[in-house]
Amino acid sequence: MSVLVVAEHDNKNLKSSTLNTISAAEKLSEDIHLLILGNKIEDLAKSSKSIQLVKKVIICDHEKLENQIPELSSPIISNLAENYSHILAPSSTFGKNLLPRVSAQLDVTQISDIIGIESQDTFIRPIYAGNAISYVQTNQKINLMTIRPTSFEKCEEAGGDAAVENIPFIDSEVKTTFVSREVSKSDRPELGNARVVVSGGRGLENSDNFKLLYDLADKLNAAVGASRAAVDSGYIGNEYQVGQTGKMVAPELYIAVGISGAIQHLAGMKESKVIVAINKDLEAPIFNIADYGLSSDLFQAIPEIIKELDLLNQIES
Amino acid sequence: MKVLVAVKRVVDYKVQIRVKSDNSGVETQNVKMSVNPPDENAIEEAVKLKEQGLANEIISVSIGDDKSQDVLRTSMAMGIDRSILVKSQNTLEPLAVAKTLKIIIDKEKPDLVLMGKQAIDDDSNQTGQILSALLNWPQGCFISNLKIENNKVFISREIDEGIENLETSLPAVLTCDLRLNTPRFASLPNIMKAKKKPLETIDIDTLGIDTSSKIKTLKVIEPPKRKAGIMVNDVKELVQKLKYEAKVI
């Protein structure tokens, strides 16, 4: 049977979470179809058809789909469902907002936030904020799944030449209108997707001091993250929050600065390959999971690290 | 306006989770249980709507065994007027929870349904969205701000990129983010008063819906433990290790 992946995008580019989800789909079927619901997405359809793993790109292009209102997009997905054994979406706020409506419309139970695929019907997912791992099996007519992007590699974006199919827009009566989106613009890599993440906690003491972290992040071409404590203290916006109530990240290098390591923060970053903790409190629980710990005043340590990195760069060049 | 809040009883968020030795699930016996944290935000928001004179009746609903009365009493101590417990011995999946809530909503006819964005035990993050679709009411998920004026509903949603602002109308289903408000502590007099507030009990078997599990849990295991690494003496050593040992910079 075929697998349908619902694309997360901004009408111009696919989000990397879509590429992770396609990799997950590869474990289920060779016949992967990518569904793009959006507005003015001809270019997006063209660029998406080169994804090697995708056999068909299905696009529904309509101005009402500009802002991803789930009441409008979910019936279009449900309408395609009978052709598929599995329907996948990333377990980002996009997928979480959308796919349960399809569950209601198809009367099947969705499986959320899958981190592993054992077989066509057996999946692995974290529960209790990752403090337990559950193996679940289902024999429903169709498997609705959201996929945790950081648990699957990104698929190749080139090398393919998929067919493109246009499907008609199905209108639904919707009482919700989009007003605005407040997105923080940054030249740094996307938090969920960066190779290096530099995160700050309450130890930073105020929002001005976060500038130190930005400097370090820029040296490492890293994304900036934050603990919930730092977000709640108003040092930085919630979209930077890493943890159970924020984003899940799994970069190659995670540098936790002035973060004590509350369970809820660890839930969001403990899958990182290498973890560095910098904290003046030797008792901080973050040191229990860090590969490299430095017990030091961060206001001294960060400028020193930047200096050392500059030195390294000089030696190399 | 009448507001209905859905509340789940879960293992307290401060409790260290223990996987059962037979790998059948997570230990919930003799463990402190509490209101699911974002459901507390939903309760708080309902109480605020009543204090602002926008809501005239606020009720809470929970689905679970007799012990779930605790969380309903807590909600009433925070200011909820009355509660309904739908008694079920089995743990329900989100689809069955939403179907159960829909029956209660069809009967109670609230104008607004509030609940937490996800339960911190199963972490499914589905019930509000499913309920919205079943009712064919507008959906507002992960909200961190709510304003209701002349039957118009203005919400801010926490999304991965930042914040999304939407306008919608009542009736609606809204799921609450922890950032929506700061739940109040119930005072002792209010805890005493809550004991006298009405709590209706309904047996789930009388509702005539399919609540059987569609998903079988094969096993529950502990996550792989991460070993603590080493402490470095200074920045120089740290940068050297990252460069030449871990090779990540």
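Residues numbered from 1 in each chain as written. Chains lettered and ligands numbered in written order. Predicted model: local features only at pLDDT ≥ 70, side-chain atom pairs only at ≥ 80, totals over all residues. Heavy atoms only, no water.

A. Inspection of the sheet that holds strand E8 (residues 132-138) of chain A at higher detail. With antiparallel pairing, four strands are arranged side by side in an open sheet as E6(A)-E7(A)-E8(A)-E12(B). Where the open sheet ends on each side, the last strands, each with one partner, are strand E6 (116-117) of chain A together with strand E12 (215-221) of chain B. As judged from the six bridges shared by strand E7 (residues 122-127) of chain A and E8 of chain A, these two strands associate in the antiparallel manner. Residue arginine 125 of chain A lies in a different strand from E8 of chain A, and its bridge partner there is serine 134 of chain A. (Pairing = 2+ DSSP bridges. Helix = DSSP H or I, 4+ residues; strand = E, 2+ residues; numbered from the N terminus.)

B. Summary view of the interface of chain A and chain B. Contact with chain A, which involves 84 residues of that partner, is made by 73 residues of chain B. Taking both partners together, chain A and chain B bury about 6,800 Å²; carbon and sulfur atoms supply 55% of that area. Three residues, Tyr128, Tyr135 and Tyr292 of chain A, lead the burial of chain A against chain B; their summed loss comes to 12% of the area buried on that side. At the junction of chain A with chain B, the criterion picks out seven salt bridges. Of the charged contacts in the structure, one is a salt bridge between arginine 179 of chain B and aspartate 232 of chain A, with a shortest N-O distance of 3.5 Å. For the pair chain A and chain B, the number of links is 46 residue pairs in polar contact (both at pLDDT 80 or more). (Contact = heavy atoms within 4.5 Å. Buried area = accessible area lost by both parts, 1.4 Å probe. Salt bridge = Lys/Arg side-chain N within 4 Å of Asp/Glu carboxyl O. Polar contact = N/O pair within 3.5 Å; in protein donor to acceptor, adjacent residues only side chain to side chain.)

C. Focus on the pattern of salt bridges. Following the criterion strictly, the structure yields 37 salt bridges over all chains and no others. The partner of glutamate 57 of chain B in a salt bridge is arginine 82 of chain B, with the nearest N and O atoms 2.7 Å apart. Placement of the pair is glutamate 57 of chain B in strand E4 (residues 57-64) and arginine 82 of chain B in strand E5 (residues 82-87), with a sequence separation of 25 residues. Among the residues examined, glutamate 57 of chain B registers a relative accessible area of 23% and is labelled partly exposed. For arginine 157 of chain B, the salt bridge goes to glutamate 164 of chain B, with nearest N and O atoms at 2.6 Å. Taken as a pair, arginine 157 of chain B and glutamate 164 of chain B share a single burial class, namely buried. What you see here is one network of salt bridges that share partners, running through Arg228 and Asp232 of chain A together with Glu158 and Arg179 of chain B. (Buried < 20%, exposed > 50% of the residue type's maximum accessible area, 1.4 Å probe, protein only.)

D. A look at empty space enclosed by the protein. Under the criterion given, the structure shown has one cavity of 30 Å³ or more. Here the largest cavity defines a volume of roughly 30 Å³. Lining the largest cavity are Leu220, Ile255, Ile305 and Leu309 of chain A together with Val239, Leu242 and Ile249 of chain B. Of all the elements in the fold, those that place two or more residues in the lining of the largest cavity are helix H8 (298-316) of chain A together with helix H6 (235-245) of chain B. In terms of residue class, the lining of the largest cavity is built from seven nonpolar, no polar and no charged. (1 Å grid on protein atoms, 1.4 Å probe; cavity = no way out; pocket = protein on both sides within 12 Å on 5 of 7 lines; lining within 4 Å. Points joined across faces, edges and corners; volume = space filled by probe spheres on them. Nonpolar A, V, L, I, M, F, W, Y, C, P; charged D, E, K, R; others polar.)

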